[in-house]
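Take a look at the letters that make up each chain.
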Amino acid sequence: MLDEKFTGNGRVVLLAGGGKVYTDIAARFVRSERDLEDIVASPYSKKIVENILSSGHRAALEFDFFIFGLEGYSRVTETQLVRKRLASYLIKSGRAELGGKRRYSVVYPQKAAEFTAQVNLPGGGSVNLSGRDLADLGRQWYDAGLDAGLPEEDLRYLKPQATEFKAIVGMNAHALLDWFSIRCCRNAQYEIRHLAWQMLRLCRKAAPDLFAGAGPNCVQMGYCPENGLQNARCKGRIITKDEAMALLRANRNASAGAPPVADEFAGE
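Residues numbered from 1 in each chain as written. Predicted model: local features only at pLDDT ≥ 70, side-chain atom pairs only at ≥ 80, totals over all residues. Heavy atoms only, no water.

## Observations concerning the overall build of the protein chain
Piece 1. What the protein chain contains, in helices and strands, is 12 helices and eight strands.
Piece 2. At 25 Å, the protein chain has a C-alpha radius of gyration far larger than the 18 Å of a compact globule built from 268 residues.
Piece 3. With the C-alpha coordinates aligned to their principal axes, the bounding extent of the protein chain is approximately 80 × 50 × 40 Å.
Piece 4. For the protein chain, the proportion of its 268 residues judged to be buried stands at 35%. (Helix = DSSP H or I, 4+ residues; strand = E, 2+ residues; numbered from the N terminus. Rg over C-alpha atoms; globule rule 2.2 N^0.38 Å. Buried < 20%, exposed > 50% of the residue type's maximum accessible area, 1.4 Å probe, protein only.)

The structure is reproduced here in structure tokens:
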């Protein structure tokens, strides 16, 4: 039987991260002349972490690492997730047996599951099939291949992107802030945005100082860098980068006696 799940119900668990914040220690190490033992023994400073975040010098954030367990998401989201290369991934094998039985799990939007269309059959004639029917036909074909002794390495070429994936994912705080800026945006595909916001909520709870200003680009930057590609729901509500730059230029030009911005490398 088809094991069916719908998008928007994936689950994320924070396995490790938070508690002691090492960004504070790393930042002190760069500037302080004290011995390492003294630096480590220093009381935690929220102000130092805030300065690191506001300055944009985020290298120290790479010493705080977070590990998540994910399940209930589709291979569509897996493909988008692993584009973030500054991370570690351990993805559950799609060939694993559970109690001697294989489970053909799919995750897809309910509308896609219920949409029905007429398709032509190879031997002639036509039939109305829903997305759920197509997924179940794939399951039947896959099970028949296993029973016939075909290797799963070959059969899985025809598995749909709706197949569920489970994974353990690790990212440092620097990579997470960058990932949240893109995947929490309304322009991101729904399922990976759902994943990103679940991860962000867990991070804010575990390390509130590190992730107080985390979120999509418009939250972190104060403007939307998408410009002409800005999501329709944000138009008129969130200023774009082009609009923000135009306001800054107008304000600079209106300032009496404001000198022109010099090019540091002019004439070289």
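Read on for the rest.
## Regarding the nonpolar core
Piece 1. Counting residues in each nonpolar core, the largest one holds 36 residues, and the members touching the most others are Phe-180 and Phe-211.
Piece 2. Within the residue set of this core, elements represented by two or more residues are α1 (22-31), α3 (46-55), β3 (65-74), β8 (164-172), α8 (173-183), α9 (190-206) and α10 (208-211).
Piece 3. Listed in part, the 10 residues of the second largest apolar core include Leu-2, Tyr-104, Leu-155 and Ala-162. (Core = buried A, V, L, I, M, F, W, Y, C linked by side-chain atoms within 4.5 Å.)

## Notes on the sheet that holds β3
Piece 1. The four strands lie next to each other as β2-β3-β8-β4, forming an open sheet whose pairing is antiparallel. In this open sheet, the two edge strands, each paired with only one partner strand, are β2 (11-16) and β4 (88-91). Strand-to-strand, the axes of this sheet are offset by a mean angle of 20°, without reference to chain direction.
Piece 2. One ladder, built from eight bridges, connects β3 with β8; its direction is antiparallel. Paired with Gly-69 across the strands is Ile-168, a residue of β8.
Piece 3. Those strands touched by α9 are β2 and β3, and its axis lies near 150° from that of β3. (Pairing = 2+ DSSP bridges. Axes fitted to C-alpha atoms, helices over the stretch in contact; angles between N-to-C directions. Contact = heavy atoms within 4.5 Å.)

## What to know about the pattern of salt bridges
Piece 1. Under the definition given, this model contains nine salt bridges.
Piece 2. For Lys-5, the salt bridge goes to Glu-164, with nearest N and O atoms at 3.0 Å. Taken as a pair, Lys-5 in strand β1 (residues 3-6) and Glu-164 in strand β8 lie far apart in primary sequence, 159 residues in all.
Piece 3. We classify Glu-164 as buried; its relative accessible area is 9%.
Piece 4. A salt bridge links Arg-139 to Asp-136; the nearest nitrogen and oxygen atoms lie 2.7 Å apart. Residue Arg-139 and its partner Asp-136 are located together in helix α6 (residues 131-147), separated by three residues, close to a single helical turn.
Piece 5. Of the residues examined, Arg-139 reaches a relative accessible area of 14% and is grouped as buried.
Piece 6. One connected set of salt bridges, linked through shared partners, spans Asp-136, Arg-139 and Asp-143. (Salt bridge = Lys/Arg side-chain N within 4 Å of Asp/Glu carboxyl O.)

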